Amino acid sequence: MAKIPIDLTKGTLKKVEKPQENVIIGIDLGTTNSLVAYMSDGKPVVVTDHIGKNALVPSIIHFERADSIIVGQDAIEKLVTDPENTIFSIKRLMGKSYQDVEDYKRFFSYQIIDNEIDSSLVKVRIKDKFYTPTELSSQILRQLKRRIEKTLGTEVDRAVITVPAYFNDAQRQATRDAGKLAGLDVLRIVNEPTAASLAYGIGLDNEMTQTVAVYDLGGGTFDISILKIEHGIFEVLSTNGDTFLGGDDFDKAIQDYWIKEHGFEINENPSLSQELRLAAEEAKKAFTHTEAFEIEVAGVSCRMTKANFENLVTPLVERTLVACKNALKDAALAIEDIDEVIMVGGSTRMCIVQNTIANFFQKKLNNTLNPDEVVAMGAAVQADILAGNNKDILLLDVTPLSLGIETVGGLMDTIIARNTKVPIKAGRQYTTSIDGQKNLKVAVYQGERDLVADNRKLGEFVLRGIPPMAAGLPKIEIHFLLNADGILKVRAKELRSGVEQTVEMRSPYGISEEEMGRMLLDSIQNAKGDMAVRALIEARTEAQNVVLSARKFLKQNAAILTEEETNITTSLVLELEKATKGTDKDLIHKQMEDLNEYTTPLAHRALDINIADAIKGKQL
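This text gives an overview of the structure that appears in the document. Quantities reported herein were computed from a predicted structural model and do not represent experimental measurements. (Residues numbered from 1 in each chain as written. Predicted model: local features only at pLDDT ≥ 70, side-chain atom pairs only at ≥ 80, totals over all residues. Heavy atoms only, no water.)

### Regarding the sheet that holds strand β28 (residues 500–504)
Here is step 1 of the chain: Overall, antiparallel pairing links the four strands, which are arranged β23-β26-β27-β28 in an open sheet. At either end of the open sheet lies a strand with only one pairing partner, and these are β23 (424–430) and β28. For this sheet the average axis-to-axis angle between neighbouring strands, irrespective of direction, equals 15°. (Pairing = 2+ DSSP bridges. Helix = DSSP H or I, 4+ residues; strand = E, 2+ residues; numbered from the N terminus. Axes fitted to C-alpha atoms, helices over the stretch in contact; angles between N-to-C directions.)

### Describing the pairing of strand β5 (residues 43–46)
Here is step 1 of the chain: Sheet analysis places strand β4 (residues 33–40) next to β5, joined by four bridges and oriented antiparallel. The partner of tyrosine 38 across the bridge, within β5, is valine 45.
Here is step 2 of the chain: Where β4 folds back onto β5 in an antiparallel hairpin, the turn is made up of two residues, including aspartate 41, whose phi is positive at roughly 55°.

### A word on the side chain of lysine 284
Here is step 1 of the chain: Position of lysine 284 among the secondary structure elements: in helix α7 (residues 270–286).
Here is step 2 of the chain: Residue class for lysine 284 comes out buried when judged on its relative accessible area of 11%.
Here is step 3 of the chain: Apart from residues no more than four positions distant in its own chain, lysine 284 is found in contact with Gly247, Phe250, Asp251, Ile254, Phe309 and Met350. (Buried < 20%, exposed > 50% of the residue type's maximum accessible area, 1.4 Å probe, protein only. Contact = heavy atoms within 4.5 Å.)

### What about the pattern of salt bridges?
Here is step 1 of the chain: Applying the stated criterion to the full structure yields 23 salt bridges.
Here is step 2 of the chain: Across the pair lysine 145 and glutamate 149 runs a salt bridge, and its minimum N-O distance is 2.9 Å. On the criterion of helical spacing, the pair formed by lysine 145 and glutamate 149 is a turn pair, its members being four residues apart in helix α3 (residues 133–152).
Here is step 3 of the chain: It is possible to trace a salt-bridge network through shared partners that takes in Arg125, Asp128 and Glu593. (Salt bridge = Lys/Arg side-chain N within 4 Å of Asp/Glu carboxyl O.)

### Quick notes on helix α8 (residues 306–330)
Here is step 1 of the chain: Given a rise of 1.5 Å per residue, 25 residues ought to cover 36 Å, and the 35 Å separating the end C-alpha atoms of α8 matches this to within 8%.
Here is step 2 of the chain: In α8, a bend of some 45° at valine 313 exceeds every other bend along the element, and proline 315, a proline, comes one to four places later.
Here is step 3 of the chain: Regarding α8, the residues found buried are Lys306, Phe309, Val313, Leu316, Val317, Thr320, Leu321, Ala323, Cys324, Ala327 and Leu328.
Here is step 4 of the chain: Where α8 terminates, the next one or two residues include alanine 332, which has phi positive at roughly 60°. (Expected span 1.5 Å × (residues − 1). Bend = angle between axes of the 7 residues up to and from the residue.)

### So, a nonpolar patch on the surface
Here is step 1 of the chain: A cluster of nonpolar residues, Leu607, Ile611 and Ile615, forms a patch on the protein surface that exposes about 260 Å² of accessible area.
Here is step 2 of the chain: Along the chain, the position of isoleucine 611 falls in helix α14 (residues 585–615). (Patch = residues over 30% accessible without salt bridge, like charges linked within 9 Å, V, L, I, M, F, W, Y side chains within 5 Å. Areas by Shrake-Rupley, 256 points an atom, 1.4 Å probe, with all protein chains shown as cover.)

### Details of the sheet that holds strand β24 (residues 440–446)
Here is step 1 of the chain: Sheet architecture is open: four strands sit in the order β22-β21-β24-β25, paired in antiparallel fashion. Two strands in the sheet have a free side with no partner beyond their single neighbour: β22 (411–416) and β25 (456–463). With strand direction ignored, the average angle separating the axes of adjacent strands in the sheet is 30°.
Here is step 2 of the chain: Relative to β24, strand β21 (residues 403–407) runs antiparallel, the two sharing three bridges. Across the sheet, residue glycine 404 finds its bridge partner in β24, namely tyrosine 445.

### Comments concerning α7
Here is step 1 of the chain: Between its terminal C-alpha atoms α7 stretches 24 Å, which fits the 24 Å expected from 17 residues at 1.5 Å a residue.
Here is step 2 of the chain: When you tally the buried positions in α7, you get 12 out of 17 residues, the bulk of the element.
Here is step 3 of the chain: If you check which residues of α7 are buried, you get Pro270, Leu272, Ser273, Gln274, Leu276, Arg277, Ala279, Ala280, Glu281, Ala283, Lys284 and Ala286.
Here is step 4 of the chain: On the buried face of α7, the contacting elements are α1 (78–81), α6 (247–262), β18 (292–297) and α8.

### Observations regarding the packing of helix α5 (residues 192–199) against helix α10 (residues 374–386)
Two measures define how a pair of helices packs: the angle their axes make with one another and the distance between the axes.
Here is step 1 of the chain: Running from amino to carboxyl end, α5 crosses α10 at an angle of 85°, the nearest separation of the two axes being 7 Å. As far as their axial angle goes, α10 and α5 are roughly perpendicular. In this structure, α5 contributes Glu192, Ala195, Ala196, Leu198 and Ala199 to the contact, and α10 contributes Val374, Val375, Met377, Gly378, Ala379, Val381, Gln382 and Ile385.
Here is step 2 of the chain: For the contact of α5 with α10, a count of residues per class yields 10 nonpolar, two polar and one charged. (Parallel < 35°, antiparallel > 145°, perpendicular 65-115°, else oblique. Nonpolar A, V, L, I, M, F, W, Y, C, P; charged D, E, K, R; others polar.)

### Considering the environment of glutamate 460
Here is step 1 of the chain: Its location among the elements puts glutamate 460 in strand β25.
Here is step 2 of the chain: Look at glutamate 460 and you get partly exposed, because its relative accessible area is 39%.
Here is step 3 of the chain: Here the alpha-carbon distance between glutamate 460 and valine 444, two residues 16 residues apart in the chain, equals 5.9 Å.
Here is step 4 of the chain: In this structure the side chain of glutamate 460 is engaged in a polar contact, spanning 2.4 Å, whose partner is the side chain of lysine 457. (Polar contact = N/O pair within 3.5 Å; in protein donor to acceptor, adjacent residues only side chain to side chain.)

### Remarks on the packing of aromatic side chains
Here is step 1 of the chain: Counting across every chain of the model gives eight aromatic pairs.
Here is step 2 of the chain: Here phenylalanine 287 and phenylalanine 309 contribute two aromatic rings whose centre-to-centre distance is 5.1 Å and whose plane-to-plane angle is 25°, an arrangement assigned as stacked. Of the two residues, phenylalanine 287 sits in the loop between α7 and β18 while phenylalanine 309 sits in helix α8, which places them 22 residues apart along the sequence.
Here is step 3 of the chain: Site record: aromatic cluster; members linked through ring pairs are Phe88, Phe108 and Tyr110.
Here is step 4 of the chain: Of note, arginine 277 hangs over the ring of phenylalanine 88, and the distance from its end group to the ring centre comes to 3.9 Å. (Phe/Tyr/Trp six-rings, centres within 6.5 Å; stacked < 30°, edge-to-face > 60°. Lys NZ or Arg CZ within 6 Å of the ring centre and 35° of its normal.)

### Thoughts on the environment of lysine 78
Here is step 1 of the chain: Structurally, lysine 78 is set in helix α1.
Here is step 2 of the chain: The exposure class of lysine 78 is buried, given its relative accessible area of 18%.
Here is step 3 of the chain: Remark: the alpha-carbon pair of lysine 78 and isoleucine 60, spanning 18 residues in sequence, is separated by 9.3 Å.
Here is step 4 of the chain: In this structure, lysine 78 is in contact with His62, Glu64, Ile70, Pro83 and Thr86, ignoring residues within four places of it in sequence.

If you want it as C-alpha cells, here you go:
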C-alpha cells in the first residue's frame, strides 16, 4: 500500500525531499538543544520533526533500561519522574575532569564519578554502567542522524559539527569521537561563530571586507569572536569566553533564589531539584515578554519580577562583557572598528543581554535569523563548501588524516586531527609509566582508528637520557610541526632536564587516495568496536594505577591503619585486580569506585596525622 505524506499542521500534502546522494550534513550539538541541517536549492534547511513543527532536539537522554534509550522531546518529562537516569547539559562535561566540575555537581541530578587518577575525564554512572560524555553525546548525534535520514530518504555518514570557539583540544576531540561513535565521518569541526557568519551570508561575497563580532551565548557556553572576513577568507583575530557560562547559569540563579526564599531542601530530592530548574527556565523565557512570573512548585508559590531577575543575573552578563573587552584587546581593535555584531544562541533572546551588548558595541544588533538555528544553518553552508558546491570561498589546505603517537595499551593519541589547517604546530605533555625510566620511545602514526595496530606507522625514535624519577614525575612535551608542504617534524623534550630530540618524518601526504579512503571507511565501520576496545584498555590502565597507589598507601601507612582497615583495603585491591583480567569495563569502574570510596577517608586521616607529625615541636 502506498503511503501518502500529510502535513498534520496544515492538513495538506507534505513535500517529500528527493533522496540526495553523498549529502554532507551540518550539526549544532548544543547544551540545551541540538539541530541538524542540510543544503537544498542553495539554501540551508533545518530539519524538523515528523509533523514539521519543531527543529530543536532537546539534548536530553533517558535510560529506561540498558538497551532502551530515549533522546529528545520524549525524555524531558523524565527529568522530574526519573532524574537519576536522565542526562542533560552533557556538553558541559565534554573534555572535562571531575575537578573541573566538582563545584557545580549539585546542578546535575545524575551521578558524576571521580576516579581520582591525575585529571582523568569525568564519567557518569547510570545504574551499574559508566559512560563518558563522549558516549552520551553520541546518542544525541545518532538521533539527529536518524531524523535527517528519514527526511532525505537516504543514509548519511558525513558531517560538519560545530563547537564553541573557546573549546580546547580535549573538548574538540571528544566532540569528534562522539561523531565517530554515532557512525559519522566528521569532516570538519567548525567554530560556532564562523558558522553563524556563514549563515548570515557574510563572507560569501568575495568583494566584501568586514570585521565582525559574534556574540554567542548558548545554554552552557559563551564565547565572543572577532573575525576579519576578506575575499572569502575567514580569519579569527581573537576569541574569548567561558565554556561554563550560559543559559543554565541564569536558570540556576533563579533556582537558588527560590531555594533561599522558600527553604527548599533539594540535596536528597533530585526530582524537586529538576522541577525547580525547569520552572526557573520557564521564568527566564517568560521575562522576554512579561514583567512578572509566578508558578507553583511542590505546593509552594514561587514568584519573581523581571527587575528582580535582571538584578540577579547582571553579574553573569558582566562576565560576558569582560570577555568582549579582552577579545577586542587581543585583536588590537576598538569598538568603532567593528562593522557588525551578530547574536547567536537562544540565551541572547533575554532583554538584559540584548540591551547590554547593544550599549557596549554602540550598534544595532544583527539578530534577524533564529538564534537557535543559525549555527546549524552555517554548518550546512560549510558542509556545502566541503562538498565542492560553493567555489567562492577559499579553504586553506588541510592535513587529510590524523597524526598522533602510540600510548599505553597500543592506543592512538591524536595530536593533529584530520582536516586541520596547515601549517600547524600542536603538542601535548606526557609522562613515564615506570619508576626510573630513562628512555622513551615515540612512535608516530597516521590514521583514524583508536588502536595504532589499525593505523599507518610513519616512524619512531627514542628520547634518551631522561633523569631517573618516579613514574609520573617526568614532564615530556611532544610537539608536532606540520608545514604547508606536509612535512612533519616531531620534537620530544623532557622539561625538567631539558633533554630534547627532533626528528623529521616522511610526508603524511605520501598515501594514495584509495588507501586514504579505505582508512576512513574502516574508521567508520569499526567505530563502535574501536571505542569499546579503547574504553576497556583505558579502564585497565587506570585500574592498574589505582592498584599501585593503593599498595603504596598500605605500605607507607601500615602503622596508622587498623587491622580491619588493612584487610578491607587489601580485599578491595584484589577484587579490582581480578576485574582487570576480565573484559567488563563497567565492573572495573565499579571496583575502582568502591576502592576509592573506602580509602578516601583513610587517606585524609593519614594526611592529617603525617602533617601533625611533621610540624610537632615547631613554632608556627
